[in-house]
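# Examining the three-dimensional arrangement
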Amino acid sequence: MAPTTTDHPALPALDGLDWTGIGESLDREGYAATGRLLDPAQCAEMIDVFDRDEAFRSTVEMARLSFGEGRYRYFADPLPPLVQTLRERLYPGLAGVANRWAEVLGEEGWPAEHEGLVERCAAAGQHKPTPLVLRYGPTGYNCLHQDVYGDLTFPLQLLIMLNTPDVDFTGGESVFVEQRPRQQSRPMVVRPGLGEGVVFPVRYRPKQGSRGYHRVQMRHGVSAVHSGQRHVLGIIFHNAR
Ligand SMILES: O=C(O)CCC(=O)C(=O)O
Ligand SMILES: [Fe+2]
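Residues numbered from 1 in each chain as written. Chains lettered and ligands numbered in written order. Predicted model: local features only at pLDDT ≥ 70, side-chain atom pairs only at ≥ 80, totals over all residues. Heavy atoms only, no water.

Under the criterion given, the structure shown has 13 salt bridges. Here the salt bridges share partners, and the residues they tie into one network are E178, R186, R205 and K207. (Salt bridge = Lys/Arg side-chain N within 4 Å of Asp/Glu carboxyl O.)

Next up on the list: the environment of D53. Mapped onto the elements of the fold, D53 is located in the loop between α2 (40-49) and β2 (56-61). For D53 and G21, which are 32 residues apart along the polypeptide, the C-alpha to C-alpha distance reads 38 Å. Here the side chain of D53 touches R73 through a polar contact of 3.0 Å, side chain to side chain. (Helix = DSSP H or I, 4+ residues; strand = E, 2+ residues; numbered from the N terminus. Polar contact = N/O pair within 3.5 Å; in protein donor to acceptor, adjacent residues only side chain to side chain.)

Its location among the elements puts R87 in helix α3 (residues 81-105). Within the buried core, R87 has no salt-bridge partner, and the shortest N-O distance to an opposite charge, that of D77, equals 6.0 Å. Leave out the neighbours within four places in its chain, and R87 touches L79, H114, T130, P131, I235, I236, F237, H238 and N239. (Buried < 20%, exposed > 50% of the residue type's maximum accessible area, 1.4 Å probe, protein only. Lys, Arg positive; Asp, Glu negative; His and termini not counted. Contact = heavy atoms within 4.5 Å.)

As a further point, take the coordination of the iron ion (ligand 2). Looking at the iron ion (ligand 2), one finds its protein donor set to be H145 (NE2), D147 (OD) and H220 (NE2), positioned 2.1 to 2.2 Å from the metal centre. Written as a sequence motif, the donor residues of the iron ion (ligand 2) are H-x1-D-x72-H. Of the two residues, H145 sits in strand β6 (residues 141-145) while H220 sits in strand β13 (residues 212-222), which places them 75 residues apart along the sequence. Taking relative accessible area as the criterion, H145 reaches 22% and is therefore assigned partly exposed. Taking the relative accessible area as the measure of exposure, H220 reaches 7% and is therefore buried. (Donors = N, O, S within 2.8 Å, 3.2 Å for Na, K, Ca; no water.)

Residues apart from glycine generally show negative phi values, whereas peptide bonds are mostly found in trans. In this chain, D77 is followed by P78 through a cis amide linkage whose omega measures -10°. Tracing the sequence through the fold places P78 in the loop between β4 (71-75) and α3. Positioned with a positive phi, D166 is a non-glycine residue whose angle comes to about 70°. Within the secondary structure layout, D166 lies in the loop between β7 (156-161) and β8 (169-171).

Attention now moves to the site of ligand 1. As a structural note, the neighbourhood of ligand 1 is formed by L134, Y136, N142, H145, D147, Q157, L159, H220, V222, R230, V232 and G234. Y136 places a polar side-chain atom, nitrogen or oxygen, 2.6 Å from an oxygen atom of ligand 1. R230 places a polar side-chain atom, nitrogen or oxygen, 2.8 Å from an oxygen atom of ligand 1. Considering ligand 1 on its own, with 290 Å² of exposed area, one finds that the protein chains cover 99% of that surface. Among the elements that take part in the shell around ligand 1, strand β15 (residues 230-235) stands out by supplying three residues, more than any other. Considered class by class, the residues forming the shell around ligand 1 number five nonpolar, five polar and two charged. (Near = heavy atom within 4 Å. Areas by Shrake-Rupley, 256 points an atom, 1.4 Å probe, with all protein chains shown as cover. Nonpolar A, V, L, I, M, F, W, Y, C, P; charged D, E, K, R; others polar.)

Given below as structure tokens:
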């Protein structure tokens with residue numbers, strides 16, 4: 001049976017999310033700011049967990065793979081209750097947007113609940129959890145990328161800023177680049193505050209043109225941190241191979 005939200009940490013902000021507005025912002029801008037999702041204590045808890053080896057299944061030194069500079073760690077199963085709750089409770093609203101996108105693009109739709117997505121991932125051989133925490137120090141950055149971990153890619157993901165920009169760190173903006181077919185790419189820079197979320201496409205989103213909808217590719221990354229430390233919680237909804 002699916003765990004109920006009653007044994008999960010309090011996340012009151014999730015009840016008030018305006019999914020229609022988030023969908024409209026994604027369609028218009030290519031990303032959507034959610035406002036504050038985690039309180040400062042919850043952000044501090046996520047930063048503290050970064051140094052607990054047993055919480056993670058794998059760690060990536062970004063420079064070693066030429067992904068940038070910094071370190072990120074994928075949570076092991078079972079996910080910390082806070083992360084599990086975010087994944088389960090953000091999913092249905094995102095699935096609403098994803099299903100609308102699937103329809104206009106003529107793609108297969110998505111399950112209404114995260115448990116259904118996990119089952120579909122398992123059937124595709126994708127069993128490993130993908131939520132992660134990233135840490136960057138001075139000069140740290142993250143090259144533009146897409147978080148694809150197998151054949152099954154749920155189209156939306158979310159990041160939550162765990163530090164206070166311009167207090168804990170400088171630089172380190174969230175960068176998005178939209179690559180439009182046969183046109184120049186469009187850059188976007190977002191600066192979420194402490195505990196605030198940003199929703200964005202994993203690979204592409206539909207855009208209406210003169211002859212119906214087409215796909216515009218999207219990649220995301222982080223500009224160089226100039227000073228201090230920057231931590232982000234990344235919630236990706238599909239599991240990995
Ligand atoms: O803001 C960041 O550190 C980038 C996060 C990221 O790449 C992700 O959440 O997938
Ligand atoms: Fe990413």
